[in-house]
Amino acid sequence: MDKIYTKARAKINLTLRITGKREDNYHNLESIFQRISLYDELYIEKTNTDDLEIISNVEELNNDSNIIYKAYIRLKEQYSPIKGLKVKLNKKIPMQAGLGGGSADCASFIKAVNKLFSLNISKEDIEKLASKLGADVVPCLYSGALKAKGIGDIISKIETNLKYYVLVVKPKMQCSTKLMFEKIDNSKNIVQINNDEEIVEILKSRNPQRLKGKLYNVFEEVMENKQMVDDIKKKMLSLGAIDALLTGSGSCVYGIYESKDKIKKAYEQIKKSYESYMCVTCK
């Protein structure tokens, strides 16, 4: 095998709590992730070089600070069969959005290289490598719904066939993950809500309406542009969303819809004001 094509799917957080800061400056968290149909495309092929070339439709990603390049270096250090590669990255997931696009690209790249060079890396070793590259990379190795703890490296799969539609809105603002975590660290009076057990039980059912009022993201407590987030959420709810929430550390906001007809009607209205994406949950 000389080339491979793979999709790196975005995620949303149905819940997200920060449970403490570690000595290594990472944060412990508890979150329920759901993968959605929005994706980046990676075209990966072997070359006769001894390095990685990245070509992306987003100019700022065409360099060795890209998380894909960092993953390549770590893999190459550990596995001698790995030689030169070229990656064409077609970026569709908005950046700095809380959708895990970079982490998903990294996770998909690791799995693709494992297959491309027939390395047979164990699941445990892949997760160990992924955890050193970023907190969201390990969850992005998995499809469907899951619960993540620790720095995102302790994974529990959630067996669910629940299907719902997700309208993702990217407002015209950026959220610095580093700054958002600093705000959490400096906030002493946040009372975080834990609906994880109930949401896991709901995901195992077939009624997305039960998610109403159960979604939670602690980063909404420290948003500078909270009014903009609240306005988007209210708009989604007025257009039939079951519930709406900020994902990750922002800046994207998503709404959950139970049918294709409802999300289409909402999308037609919201796209007039915001960059918007119609998605569905992935198993």
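Since the model is a prediction, treat every value here as computed from it, not as a measurement.

Novice: I'm lost on the overall build of the protein chain in this one. Help?
Specialist: Per the secondary structure count, the protein chain includes 7 helices and 11 strands. Rg of the C-alpha trace for the protein chain: 19 Å, near the compact-globule value of 19 Å for 283 residues, within the 12% margin. When the backbone C-alpha atoms are referred to their principal axes, the protein chain occupies close to 55 × 45 × 35 Å. Out of the 283 residues belonging to the protein chain, those deemed buried represent 54%. Intrachain contacts of the protein chain at a sequence separation of at least 6 include 73% that bridge at least 24 residues. Seen as two clouds, the 47 positive and the 37 negative side-chain charges of the protein chain have centres 5 Å apart.

Novice: Help me understand the side chain of Asp243 in this model?
Specialist: Inspection of the secondary structure assignment puts Asp243 in strand S9 (residues 243-246). One polar contact links the side chain of Asp243 to the main-chain amide nitrogen of Gly213, over a distance of 2.7 Å. Filtering out sequence-adjacent residues up to four positions away, Asp243 remains in contact with Leu211, Lys212, Gly213, Lys214, Leu215, Leu237, Tyr254, Gly255 and Ile256.

Novice: Hey, could you run me through the sheet that holds strand S11 (residues 275-280) in this one?
Specialist: As a general point, the strands of a sheet are linked pairwise by backbone hydrogen bonds and lie either parallel or antiparallel. Strand order across the open sheet formed by 4 strands is S9-S10-S7-S11, with antiparallel pairing between neighbours. The open sheet has two free edges, formed respectively by S9 and S11, since each of these has just one partner strand. Averaged over all adjacent pairs, the angle separating strand axes in this sheet is 20°, with direction ignored. In terms of strand pairing, strand S7 (residues 165-170) meets S11 through 6 bridges, oriented antiparallel. Considered in S11, the bridge of Val166 is made with Cys279. Sitting on the sheet, helix H6 (residues 226-238) touches S7, S9 and strand S10 (253-257), and the angle it makes with S10 is about 15°.

Definitions and cut-offs
Residues numbered from 1 in each chain as written. Predicted model: local features only at pLDDT ≥ 70, side-chain atom pairs only at ≥ 80, totals over all residues. Heavy atoms only, no water. Helix = DSSP H or I, 4+ residues; strand = E, 2+ residues; numbered from the N terminus. Rg over C-alpha atoms; globule rule 2.2 N^0.38 Å. Buried < 20%, exposed > 50% of the residue type's maximum accessible area, 1.4 Å probe, protein only. Contact = heavy atoms within 4.5 Å. Lys, Arg positive; Asp, Glu negative; His and termini not counted. Charge placed at Lys NZ, Arg CZ, Asp CG, Glu CD. Polar contact = N/O pair within 3.5 Å; in protein donor to acceptor, adjacent residues only side chain to side chain. Pairing = 2+ DSSP bridges. Axes fitted to C-alpha atoms, helices over the stretch in contact; angles between N-to-C directions.

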